[in-house]
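Examination of the molecular architecture
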Amino acid sequence: GAVDYDGRIWIYRELYDKQLHVPTVADLIAMEEERANEIIDYRVGDTAIWNKLGSTGPSIGEEFMNNGIVWDKADKDRVNGWNQFHMRLMVPENGQKPMLMISTACENFIREIQEVLQSKTNPEDLGQGQSDHTLDNARYIFQSRPLVPDVKDDSPAYMKRLKKPKGSWMSW
């Protein structure tokens, strides 16, 4: 996916094959980025790719790094991730495009979004055991570039909290 200057995410291409080994996937990613003349600022990957495989050897994430593809670790908070997903799917009242645009070339994403079912036990999550790999990937992207809802609270209590934060803070 890509992010435009408005913060809109465009999902325009997918690589979906569970049978390929990491060096092959890394080569395919690099070749497609070169073919499209793309410069990728960052990639977000499932944290599971950093789990060690067996008792020795590199993780999948390390294998990707050894093949020139570097991933940032995804924020896997499911509830907030699906909330971001829903926010991006909403059509703005001002007539602008939604904050998520999907290419028709992303057949697996389109299939999954049509087939996925809500969890029976947690209405803010998806049910388990479904094909949702591309949706998880999109959720990771959304969590790395979250939308912040507009706050329309001009009550005196809210405005007071905005004017004087308690303590000092810094974020890295």
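Up top is the structure these notes are about.
Residues numbered from 1 in each chain as written. Predicted model: local features only at pLDDT ≥ 70, side-chain atom pairs only at ≥ 80, totals over all residues. Heavy atoms only, no water.

What to know about the overall build of the protein
For the protein, the count of helices and strands is six helices and five strands. Of the regular secondary structure in the protein, the N- to C-terminal order runs β-β-α-β-α-β-α-β-α-α-α. A total of 172 residues make up the protein; the buried ones form 28% of that total. In the protein, once contacts between residues fewer than 6 apart in sequence are set aside, the share between residues at least 24 apart is 64%. (Helix = DSSP H or I, 4+ residues; strand = E, 2+ residues; numbered from the N terminus. Buried < 20%, exposed > 50% of the residue type's maximum accessible area, 1.4 Å probe, protein only. Contact = heavy atoms within 4.5 Å.)

Quick word on the side chain of Ser59
Within the secondary structure, Ser59 is located in the loop between β3 (44-45) and α2 (60-66). With relative accessibility at 1%, the residue Ser59 sits in the buried group. Sequence-distant contacts of Ser59, that is, excluding residues within four places in its chain, are made with Ile49, Trp50, Asn51 and Lys52.

Focus on the nonpolar core
Core analysis: the largest hydrophobic core is formed by twelve residues, namely Ile9, Ile11, Trp82, Phe85, Leu100, Cys106, Phe109, Val116, Leu126, Leu135, Ala138 and Phe142. Looking at this core, the elements that each hand over two or more residues are β2 (9-11), α3 (78-89) and α5 (133-144). Among the elements that make up this core, the one with the highest residue count is α5 (three residues). The contacts of Leu100, once residues within four sequence positions are left out, are Arg8, Ile9, Ile11, Phe85, Arg88, Leu89 and Phe142. (Core = buried A, V, L, I, M, F, W, Y, C linked by side-chain atoms within 4.5 Å.)

Here we look at the sheet that holds β2
Strands sit in the order β1-β2-β5 across an open sheet of three strands; the sheet is mixed. For this open sheet the edge positions go to β1 (2-3) and β5 (100-102), each flanked by a neighbour on one side alone. (Pairing = 2+ DSSP bridges.)

Describing the packing of helix α4 (residues 107-115) against α5
Two elements in contact, α4 and α5, have axes separated by 8 Å at closest approach and are oriented at 95°. In terms of orientation, α4 lies roughly perpendicular with respect to α5. Here Asn108, Phe109, Glu112 and Ile113 of α4 come into contact with α5, specifically with His133, Thr134, Leu135 and Ala138. (Axes fitted to C-alpha atoms, helices over the stretch in contact; angles between N-to-C directions. Parallel < 35°, antiparallel > 145°, perpendicular 65-115°, else oblique.)

Things to note about the packing of α3 against α5
Close contact between α3 and α5 brings their axes to 9 Å; oriented N to C, the two are set at 85°. When the axes of α3 and α5 are compared, the pair comes out roughly perpendicular. From α3, Arg78, Asn80, Gly81, Trp82, Gln84, Phe85 and Arg88 reach across to α5, where they touch Leu135, Asp136, Ala138, Arg139, Phe142 and Gln143.

Side note on α5
In a regular helix each residue adds 1.5 Å, so twelve residues correspond to 16 Å; α5 covers 17 Å between its end C-alpha atoms and thus fits that length. Where α5 is concerned, the buried positions are Thr134, Leu135, Asp136, Ala138, Arg139, Tyr140, Phe142 and Gln143. Buried residues along α5 sit against β2, β3, α3, β5 and α4. (Expected span 1.5 Å × (residues − 1).)

A closer look at the packing of aromatic side chains
In the structure shown here, the tally under the stated rule is four aromatic pairs. On the numbers, 5.5 Å between centres and 40° between planes, the contact of Trp82 with Phe85 is tilted. Of this pair, Trp82 and Phe85 both sit in helix α3, three residues apart, which is roughly one turn of the helix. Its relative accessible area of 6% is what places Trp82 among the buried residues. Note on Phe85 and Phe109: the rings are 6.2 Å apart at their centroids and 5° apart in plane angle, and the pair reads as stacked. Within this pair, whereas Phe85 is found in helix α3, its partner Phe109 is found in helix α4, the two being separated by 24 residues in sequence. Counting every residue linked through ring pairs, the aromatic cluster contains Trp82, Phe85, Phe109 and Phe142. The ring of Trp82 is capped by Arg139, whose NZ or CZ atom sits 4.9 Å from the centre of that ring. (Phe/Tyr/Trp six-rings, centres within 6.5 Å; stacked < 30°, edge-to-face > 60°. Lys NZ or Arg CZ within 6 Å of the ring centre and 35° of its normal.)

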